[in-house]
Amino acid sequence: MFDDERMRYLVLWVGWYKYKPIHQCVVHIDIVEDSIIIQCNDTEESIVEKLVEMGIYQENISLNFIHPQHRGYLEIAT
């Protein structure tokens, strides 16, 4: 899902597993001014590493899926 007007981007799993419907957010990224905010990353890939490789400064990337109380203890690329 791409919302260029609000700068909000999502990748979803949608479908069925046996008789249960699946609707799960895999990746959710918001862009606010000069910052990229990763709201959800349920993949094995580090989105931060890919963005840095593309030339985006690490200081402009934040991980919002980590509770604010614990963000100071983690490296941004983990």
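The structure reproduced in this document is the subject of the present report. Quick caveat: nothing in here was measured; it's all calculated off a predicted structure. Sequence order as written defines the numbering, with residues in each chain counted from 1. Only residues with pLDDT of at least 70 are given local features in this predicted model, and only at 80 or more are side-chain atom pairs given and counted; all residues enter the totals for whole chains, interfaces and linings. The side-chain numbers reported here are obtained from all heavy atoms of the structure, hydrogens and water having been left aside.

Some remarks on the overall build of the chain
Part 1 of the argument: Numbered from the N terminus, helices here are DSSP runs of H or I no shorter than four residues, and strands are runs of E no shorter than two. A tally of helices and strands in the chain yields one helix and five strands.
Part 2 of the argument: What you see in the chain, going N to C, is helices and strands ordered as β-β-β-β-α-β.
Part 3 of the argument: Whether a residue is buried, partly exposed or exposed follows from its accessible area with a 1.4 Å probe, protein chains only, as a fraction of its type maximum: under 20%, in between, or over 50%, in that order. Within the span of the chain, comprising 78 residues, buried residues form 21% of the whole.
Part 4 of the argument: Contact criterion: two residues are considered in contact whenever any of their non-hydrogen atoms come within 4.5 Å of each other. Within the chain, contacts between residues separated by at least 24 positions form 21% of all contacts whose residues are at least 6 apart in sequence.
Part 5 of the argument: Looking at the chain as shown, the accessible area adds up to about 6500 Å², and 56% of this sits on carbon and sulfur atoms. Residue-level accessible areas treat just the shown protein chains as cover; the underlying method is Shrake-Rupley with a 1.4 Å probe.

Examining the pairing of strand S3 (residues 20–32)
Part 1 of the argument: Paired strands are those between which DSSP finds at least two bridges. Taken together, the 10 bridges between strand S2 (residues 8–17) and S3 define a ladder with antiparallel strand orientation. Across the sheet, residue valine 11 finds its bridge partner in S3, namely valine 27.
Part 2 of the argument: Hairpin connection of S2 to S3: two residues between the antiparallel strands, including lysine 18 at a positive phi of 55°.
Part 3 of the argument: In the sheet, S3 pairs with strand S4 (residues 35–41) via six bridges, with the strands oriented antiparallel. What sits directly across from histidine 28, in S4, is cysteine 40.
Part 4 of the argument: Adjacent in sequence and paired antiparallel, S3 and S4 are bridged by two residues, among which glutamate 33 carries a positive phi angle near 55°.

Observations concerning the nonpolar core
Part 1 of the argument: Val26, Val27, Ile29, Ile36, Ile38, Ile47, Val48, Leu51, Ile61 and Leu63 together form the largest nonpolar core, which totals 10 residues.
Part 2 of the argument: Elements that contribute at least two residues to this core include exactly S3, S4, helix H1 (47–53) and strand S5 (61–63).
Part 3 of the argument: With residues up to four places along the chain from it excluded, the contact list for isoleucine 47 reads Val27, Ile29, Ile38 and Asn41. Residues grouped as a nonpolar core are buried Ala, Val, Leu, Ile, Met, Phe, Trp, Tyr and Cys residues, joined through side-chain atoms within 4.5 Å.

Regarding the sheet that holds S2
Part 1 of the argument: Pairing in this open sheet of five strands is mixed, and the strands run S1-S2-S3-S4-S5 from one edge to the other. Two strands lie at the open edges of the sheet, namely strand S1 (2–3) and S5, each paired on one side alone.
Part 2 of the argument: Looking at chain direction, S1 and S2 are connected through two bridges and run antiparallel. Each residue of the ladder has a partner; that of aspartate 3, found in S2, is arginine 8.

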